[in-house]
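One-letter residues, chain by chain:
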Amino acid sequence: MVQQIIVITDGCSNVGLDPVTAAAQAREENIIVNVIGVVDEGDFGLRGTREIEEMAKAGGGLSKIVHSKQLSQTVQMMTRKTVVHTIQQVVNEELQHIIGSTTSLEDLHPNQREKVVDVIEDLEENMLLRVVLLVDASASMKPKINAVEDAVHDLMLSLQAREGKSEVSLFHFPGSKNKNEPAEMDLDWSTEYAIMKRLFYKINMRGATPTGPALLKVIEYMVHKHSDDEIKRLAGMKDVHKKGAMLSDYIV
Amino acid sequence: MTTSYKSTNTTVLHEGFKIQGKWNKKNYEIQRLLGEGTSGKVYLVNYNQNVFAMKIGLDEISLQSEINVIKKINKKLEPDKKIFIDSDDFELNGKIYSFYIMKYIQGLDAKLFLNSNGQQWFHLVGLNILNQLQKLHQMNFIFGDLKIENVIVSEFGKVTLIDYGGVTPKGRSIKQFTEIYDRGYWINGTRKADEAYDIFSFAILCLILTGALSISNLTSEKRSGSYLLKRAKTNPHCKRMIPFLEKALNGTFSSTRCAREEWKKLMYGNGFENSNSIELPWLKPALASSIFVLVVTVYFSFIY
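Cut-offs used in this document
- Residues numbered from 1 in each chain as written.
- Chains lettered and ligands numbered in written order.
- Predicted model: local features only at pLDDT ≥ 70, side-chain atom pairs only at ≥ 80, totals over all residues.
- Heavy atoms only, no water.
- Helix = DSSP H or I, 4+ residues; strand = E, 2+ residues; numbered from the N terminus.
- Buried < 20%, exposed > 50% of the residue type's maximum accessible area, 1.4 Å probe, protein only.
- Areas by Shrake-Rupley, 256 points an atom, 1.4 Å probe, with all protein chains shown as cover.
- 1 Å grid on protein atoms, 1.4 Å probe; cavity = no way out; pocket = protein on both sides within 12 Å on 5 of 7 lines; lining within 4 Å.
- Points joined across faces, edges and corners; volume = space filled by probe spheres on them.
- Nonpolar A, V, L, I, M, F, W, Y, C, P; charged D, E, K, R; others polar.
- Contact = heavy atoms within 4.5 Å.
- Buried area = accessible area lost by both parts, 1.4 Å probe.
- Salt bridge = Lys/Arg side-chain N within 4 Å of Asp/Glu carboxyl O.
- Polar contact = N/O pair within 3.5 Å; in protein donor to acceptor, adjacent residues only side chain to side chain.
- Pairing = 2+ DSSP bridges.
- Axes fitted to C-alpha atoms, helices over the stretch in contact; angles between N-to-C directions.
- Phe/Tyr/Trp six-rings, centres within 6.5 Å; stacked < 30°, edge-to-face > 60°.
- Lys NZ or Arg CZ within 6 Å of the ring centre and 35° of its normal.
- Parallel < 35°, antiparallel > 145°, perpendicular 65-115°, else oblique.
- Left-handed = near helix turned anticlockwise from the far one by under 90°.

A. Region of interest: the overall build of chain B. A count of helical and extended segments in chain B gives 9 helices and 13 strands. Looking at chain B residue by residue over its 304 residues, the buried ones come to 52%. As displayed, chain B has an accessible area near 14,300 Å², and 55% of this comes from carbon and sulfur atoms.

B. Molecular detail of empty space enclosed by the protein. Tallied over the full model, the rule gives 3 cavities of 30 Å³ or more. Each pocket or cavity is described by its volume, and for the second largest cavity that value is around 60 Å³. Lining the second largest cavity we find P110(A), R113(A), E60(B), L63(B), Q64(B), I67(B), S87(B), D88(B), D89(B), S98(B) and F99(B). At the level of elements, α4 (110-126) of chain A together with α1 (60-75), β6 (84-92) and β7 (95-103) of chain B are the ones that each hand at least two residues to the lining of the second largest cavity. Of the residues forming the lining of the second largest cavity, the biggest block, 4 residues, is contributed by α1(B). In terms of residue class, the lining of the second largest cavity is built from 4 nonpolar, 3 polar and 4 charged.

C. Structural context of the interface of chain B and chain A. With 32 residues of chain B in contact, the opposing surface of chain A contributes 33 residues. Approximately 2,900 Å² of surface area, both sides summed, lies buried where chain B meets chain A, with 49% of it carried by carbon and sulfur atoms. Here chain B and chain A share 7 salt bridges between them. With a shortest N-O distance of 2.2 Å, D122(A) and R172(B) are connected by a salt bridge. The interface formed by chain B and chain A includes 14 residue pairs in polar contact (both at pLDDT 80 or more). When contributions to the side of chain B that touches chain A are tallied by element, the ones reaching two or more residues are β1 (2-3), α1, β6 and β7 of chain B. Broken down by element, the residue count for the side of chain B that touches chain A peaks at 7 residues, all from α1(B). Partitioning the side of chain B that touches chain A into residue classes produces 7 nonpolar, 14 polar and 11 charged.

D. Quick look at the sheet that holds strand β2 (residues 32-39) of chain A. All names here are of chain A. Ordered in space as β3-β2-β1-β4-β5-β6, the 6 strands form an open sheet in which the pairing is mixed. In the strand order of this sheet, the two ends are held by β3 (60-67) and β6 (184-190), each with one partner. Ignoring strand direction, the axes of neighbouring strands in this sheet form an average angle of 10 degrees. Pairing of β2 with β3, which is carried by 6 bridges, proceeds in the parallel orientation. In the sheet register, G37 faces β3, and the bridge partner there is I65.

E. Up close: the packing of aromatic side chains. Residues and elements named next belong to chain B. Under the counting rule described, the total for this entry stands at 16 aromatic pairs over all chains. Both rings, one in F202 and one in F244, keep their centres 5.7 Å apart while their planes meet at 85 degrees; by these two values the pair is edge-to-face. Pair noted here: F202 is in helix α4 (residues 195-209) and F244 is in helix α6 (residues 242-250), with a separation of 42 residues, a long-range link. F244 shares its class with F202; the two are buried. Through a chain of ring-to-ring contacts, three or more aromatic side chains come together here, namely Y28, Y47, F52, F90, Y97 and F99. Above the plane of the ring of Y185 lies R223, whose end atom (NZ or CZ) is 4.1 Å from the centre.

F. Quick look at the pattern of salt bridges. Within this structure, the stated rule accounts for 21 salt bridges over all chains. Overlapping salt bridges, with partners in common, bring together D122(A), E163(A) and R172(B) in one network.

G. Unusual backbone geometry, seen in detail. With an omega dihedral of -5 degrees, the bond running from F173(A) to P174(A) counts as a cis peptide bond. Summarising the element assignment, P174(A) is placed in the loop between β5 (166-173) and β6. Backbone geometry places Q49(B), a non-glycine residue, at a positive phi of 60 degrees. Inspection of the secondary structure assignment puts Q49(B) in the loop between β4 (40-47) and β5 (50-57). Relative accessible area serves as the criterion here: at 82%, Q49(B) is assigned to the exposed category. Even without being a glycine, I187(B) presents a positive backbone phi close to 50 degrees. Structurally, the position occupied by I187(B) is in the loop between β13 (176-177) and α4. The class of I187(B) is exposed, set by a relative accessible area of 54%.

H. Main features of the environment of T79(A). Residues and elements named next belong to chain A. Here T79 is to be found in helix α3 (residues 71-99). Overall, the relative accessible area of 1% leaves T79 in the buried class. Along the chain, T79 and V35 lie 44 residues apart, while their C-alpha atoms are 8.7 Å from each other. Those residues in contact with T79, other than ones at most four positions away along the chain, are I6, I36, A151 and L155.

I. Looking closely at the packing of α6(B) against helix α7 (residues 256-267) of chain B. Residue and element names in this part refer to chain B. Where α6 meets α7, the closest approach of the two axes is 9 Å, and the angle between their N-to-C directions is 160 degrees. Of the possible angle classes, the one that applies to α6 and α7 is roughly antiparallel. In this structure, the crossing between α6 and α7 has a hand that is left-handed. For the pair α6 and α7, the contacting residues are P243, F244 and K247 in the first and A259, E262, W263 and L266 in the second. Counted by class, the contact of α6 with α7 contains 5 nonpolar, no polar and 2 charged residues.

What is shown is where atoms sit, not what they do.
Put into structure tokens, the structure is as follows:
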């Protein structure tokens, strides 16, 4: 299973827990944090960039900076790229268990490599994927929110095409209904694309940017709240382990 | 689901550079850089007094994945039509690079070919692309990243598809695509690998080749199938192919075979009537010669 949070922000948090700390906590829970930074040019942007990079580093993921000028298409491309990267990262860890941590792909004879890569691709395509998109909807993000919405739709489209299951959930921060909520859920675990349409109309732009607390809330959600299908899957966990063992035999 | 983009690796191997494969010990000599794809560089190399194409990958896994696809396709080709030669590694400045060797195809990309040989080749080149797609689809693969740069046209409009990085088994998610050719980008369908995905990209390719669609100044408001169709309808070169393009963009062809048949039918339709209906003033003086050219095209088409 691959679990990841994609934070889309301009990186200028100003309330509560340091988002870098929160990201490190996510990593401890086996959740990878990727950050898409949508920044303006200038000093403000520079500060944001630093926070974005450190957050991704602490969360074991990638950070991608997009300047507001080149928005829509690039946010989409970067979002897709981070998802693919995270899947590859997790599959690679799995691979190390199988071929041993001291062996790398290039040590294998091209013929063996062929089989290993076939297995990698199967895993990439079929592994269960859980993605939470956490969108910064504070006032400074206002001019960029349409591009973010396009990117969310685009990502859903890519995830839906996989043979394996992809569950997506969507949050924005700060909360717009309750002022004390660091983040508010827009979409509970879902595999549906249709529900996502025109989602961001609900977002109310406000001043504070509680990135750290929002991230913390999402981590808690990922750890404790599972979709109905996922609950069934967890109940059948033992079978999954058996399958894992078979896979190892197959490769070695 | 990755997007095609230009690689950023700047190392270029110079002419005469010798490479010996680590595993298979074959010797290759670099002639020149042929091009730069999404996932690496392609060189022209000498091996056994013959020329071949060598692709050096940036990422091991994606290169190997490409090799896997090529080998699977290769198995199904006639002995004299094999495309795959070898795959191996070499070391340079302490770093290991993986590469594979393929048959070298001489030609121009589709746009350059039409620019230098004339737009009258468009229908035949289109048919030949569809033929190639149909062959691939029969092997249960979808090409995925179909675009002008990946279509090499040789003499008499013969078509070869290059760059197998996007080739995906049917039913999976498209491995690699270029946004403007992507059905999902135009909000006109999924990113699942099915025959209609390639046919959609093919329609976009036609729009670009005829100049009906330009890659620059595309905004997200314009993203829809109806916008694309509107562009096609205003272009004189697309006119005859409208029934095809409409179905291709809407995904209503049930198979590539059907798409190919429709293309062929329209291609052989009343050519004279159609050439008269192109109402561009600058074309009138050239009309006589264009009819001549059309006759020649049809003649060629029957032969090849």
